[in-house]
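If you want the building blocks of each chain, they are given just below.
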Amino acid sequence: MLGAPETHHNCAGSINFTYTDRIRAMPLDRQCTVHRGTTFIQSDAERVQGTMIGLASISRMLKTQPLEVQKQAFSQMLLVSRQTATTLVSYIGQWKKASLAPYIEEFWTHVPNSSSELVTEIAAVNGRIFLSVHQLFKEDCVVKAFLEQLEEANIQYEIQKKMCVDTAGVLEPTLTT
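Worth saying up front: this structure is predicted, and the values here are computed from it rather than measured. (Residues numbered from 1 in each chain as written. Predicted model: local features only at pLDDT ≥ 70, side-chain atom pairs only at ≥ 80, totals over all residues. Heavy atoms only, no water.)

Another aspect to go through is helix H3 (residues 45-63). The terminal C-alpha atoms of H3, which comprises 19 residues, lie 27 Å apart, in line with the 27 Å expected from a rise of 1.5 Å per residue. For H3, every residue scored as buried is listed here: Val48, Met52 and Leu62. Buried residues of H3, seen end-on, are gathered within an arc of 90° and therefore sit on one face of the element. Turned more than 90 degrees off the buried face of H3, the exposed positions are Glu46, Ile53 and Arg60. Turning to H3, the residues buried within the fold contact helix H2 (28-42) and helix H4 (67-84). For H3, the capping residue at the N-terminal end is aspartate 44, with a side-chain oxygen 3.2 Å from the backbone nitrogen of glutamate 46. (Helix = DSSP H or I, 4+ residues; strand = E, 2+ residues; numbered from the N terminus. Expected span 1.5 Å × (residues − 1). Buried < 20%, exposed > 50% of the residue type's maximum accessible area, 1.4 Å probe, protein only. Arc of directions from axis to C-beta. Contact = heavy atoms within 4.5 Å. Polar contact = N/O pair within 3.5 Å; in protein donor to acceptor, adjacent residues only side chain to side chain.)

See the structure below:
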């Protein structure tokens, strides 16, 4: 969407889904249609480009500010994000290296940090879909409810593993003057 396929920067946009009682009452296939339409509309290239330009402008402006101002600004952005979104779902797409795909048996994405209490990473390879669910709370009620939805829709699944977060912690850099 940004015309920069070789970039190393995170160019992901976000799409907001409103899960109303009306949508909840729909059969799962109809809910999927609603969300595909929402995805199509909100992932329009011009919309994503405009969002990225806005975020780049904010980042450039904050780079000129003292570290404490930067921390405060990003802290405020994370707070707003947590207040407006209950979860994040990230689809990294289908595996692009077709020649390697037959050798990939599992694909798990590890999230070191998030602005959300619940994050699901989705990957697709070899005709299989992998969900990596990351949560900052102990209860497994959300995962259980999701699996119940899959069962009600007769969608087969297999839990590969449960594990504690194993990503490295990154310490905040200290600045010397």
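Next comes the rest of the write-up.
This brings us to the packing of aromatic side chains. Working definition: an aromatic ring pair is given by the centre-to-centre distance plus the angle between the planes. Inspection of every chain in the model, using the stated rule, returns 1 aromatic pair. Measuring from ring centre to ring centre gives 5.3 Å for tryptophan 108 and phenylalanine 130, while their planes differ by 85°; the resulting arrangement is edge-to-face. One end of the pair, tryptophan 108, is in the loop between strand S1 (88-94) and strand S2 (118-125); the other, phenylalanine 130, is in strand S3 (residues 128-135), and 22 residues separate them in sequence. (Phe/Tyr/Trp six-rings, centres within 6.5 Å; stacked < 30°, edge-to-face > 60°.)

By secondary structure assignment, the location of valine 125 is in strand S2. Assessed through its relative accessible area of 3%, valine 125 is described here as buried. Residues valine 125 and lysine 97, 28 residues apart in the sequence, show an inter-C-alpha distance of 9.6 Å. Here valine 125 is in contact with Trp95, Ala101, Ile104, Phe107 and Phe130, once residues within four sequence places are set aside.

Its identity as a non-glycine residue notwithstanding, asparagine 126 has a phi of 55°, on the positive side. The partly exposed category is assigned to asparagine 126, whose relative accessible area is 40%.

The buried fraction of S2 amounts to 8 of the 8 residues, a majority that puts the element mostly inside the structure. By the alternation rule, side chains of S2 split into Leu118, Thr120, Ile122 and Ala124 and Val119, Glu121, Ala123 and Val125, which are all buried. Note: S2 against S3, 8 bridges, orientation antiparallel. Its bridge partner lying in S3, leucine 118 is registered against glutamine 135. Counting the residues in the hairpin turn of S2 and S3 gives 2 residues, including asparagine 126, whose phi is positive at 55°. (Pairing = 2+ DSSP bridges.)

Turning our eyes to something else, we now look at the pattern of salt bridges. Counted by the stated rule, this structure contains 4 salt bridges. Between aspartate 140 and lysine 144 there is a salt bridge whose closest N-O contact spans 3.7 Å. Taking the relative accessible area as the measure of exposure, lysine 144 reaches 48% and is therefore partly exposed. (Salt bridge = Lys/Arg side-chain N within 4 Å of Asp/Glu carboxyl O.)

There is a patch of nonpolar side chains on the surface, built from Leu55, Ile58, Met61, Phe74 and Met77 and spanning about 430 Å² of accessible area. Counting only elements with at least two residues in the nonpolar patch, the list comes to H3 and H4. Structurally, the position occupied by leucine 55 is in helix H3. On the basis of relative accessibility, which here comes to 43%, the residue leucine 55 falls in the partly exposed class. (Patch = residues over 30% accessible without salt bridge, like charges linked within 9 Å, V, L, I, M, F, W, Y side chains within 5 Å. Areas by Shrake-Rupley, 256 points an atom, 1.4 Å probe, with all protein chains shown as cover.)

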